Amino acid sequence: LELSSGEKEKDRFETKIKLKNGESMEVKVHASALRNPEGNLKSVLAFIENIDPQKNHERQIEKREQKFHRLFEEANDGILLLNDLKIIDCNGRITDLFNGSKEEIIGESPLDFSPQVQPDGKLSSEKAKEKISLVNQGKPQVFEWKHLTLDGKPLDIEISLSKIELGDDDYIQALLRDLTEHKKIKSELK
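Predicted model only: the values in this text are computed from it and were never measured. (Residues numbered from 1 in each chain as written. Predicted model: local features only at pLDDT ≥ 70, side-chain atom pairs only at ≥ 80, totals over all residues. Heavy atoms only, no water.)

Describing the sheet that holds strand 8 (residues 169-178)
For step 1, the next point in the chain: Strand order in the open sheet made by the five strands is 5-4-8-7-6, with antiparallel pairing throughout. Looking at strand neighbours, the two that pair on one side only are strand 5 (86-90) and strand 6 (141-148), the edges of this open sheet. Shown here is a sheet whose adjacent strand axes are inclined to one another by a mean of 35 degrees, direction ignored.
For step 2, the next point in the chain: By the bridge criterion, four bridges tie strand 4 (residues 78-83) to strand 5 in an arrangement that is antiparallel. Counterpart to Leu80 in the pairing with strand 5 is Cys90.
For step 3, the next point in the chain: Those strands touched by helix 5 (residues 124-136) are strand 6, strand 7 (154-166) and strand 8, and its axis lies near 150 degrees from that of strand 6.
For step 4, the next point in the chain: Of the strands in this sheet, strand 6, strand 7 and strand 8 touch helix 6 (residues 180-189), which is tilted by about 140 degrees from strand 7. (Pairing = 2+ DSSP bridges. Helix = DSSP H or I, 4+ residues; strand = E, 2+ residues; numbered from the N terminus. Axes fitted to C-alpha atoms, helices over the stretch in contact; angles between N-to-C directions. Contact = heavy atoms within 4.5 Å.)

What follows is the structure, encoded as structure tokens:
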């Protein structure tokens, strides 16, 4: 309608068409108005592009992303995504562990939730740099770490660090398992 009235010279839109076999197909229509010297519509040149495979691919990607997001959020362990020593994402288990919100955690460093010194006597900052360096060299790390909740309560955590690639960038994934209760029971049994 806008092409025939002269409001537009070109238009592009998505729609569904019905095929001879009764099936429907999603298409993108690219249309251009061809006018005579007086400016009246002479004809419309249209190109119809099949976008069904593209839409199916986009739906598959979206389903896969939803599946991974669900796995991320519903994991029993806490999951942090780090860029160097900065937290760029975390799951709900992390917010439970640290007794805070995502807004209080994302953008911070794991060192912000650590005492200055670990139980082995090493500085948390030096030990963290050492572990990150090893992971960046392609050597995954599993170790125990003392963390603190946002309100200062100590947590005994087992951390698994590994390097992961997302798109064109490398990140560090940290899986955190709370050992506090386990260690408490073990101590009581002794």
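Focus: the sheet that holds strand 1 (residues 10-18)
For step 1, the next point in the chain: One open sheet holds the three strands; their spatial order is 1-2-3, and the pairing between them is antiparallel. Since the sheet does not close on itself, it has two edges, and those belong to strand 1 and strand 3 (41-50), each with one partner. The sheet shows a mean angle of 30 degrees between the axes of neighbouring strands, direction not considered.
For step 2, the next point in the chain: Two strands pair when backbone bridges link them, and strand 2 (residues 24-35) and strand 3 are joined in this way by nine bridges, in the antiparallel orientation. Following the sheet pairing, Ala33 is matched in strand 3 by Val44.

So, the pattern of salt bridges
For step 1, the next point in the chain: Summed over all chains, the structure comprises eight salt bridges.
For step 2, the next point in the chain: Here Glu74 and Arg70 are joined by a salt bridge, their closest N and O atoms 3.3 Å apart. You can see Glu74 and its partner Arg70 sitting in helix 2 (residues 52-74), four residues apart, about one turn around the helix. The same class applies to Glu74 as to Arg70, namely exposed.
For step 3, the next point in the chain: Of the charged contacts, one joins Asp156 and Lys146 as a salt bridge, the two residues approaching to 2.7 Å between their closest N and O atoms. Separated by 10 residues along the polypeptide, Asp156 in strand 7 and Lys146 in strand 6 bring together distant segments of the chain.
For step 4, the next point in the chain: What makes Lys146 partly exposed here is its relative accessible area of 22%. (Salt bridge = Lys/Arg side-chain N within 4 Å of Asp/Glu carboxyl O. Buried < 20%, exposed > 50% of the residue type's maximum accessible area, 1.4 Å probe, protein only.)

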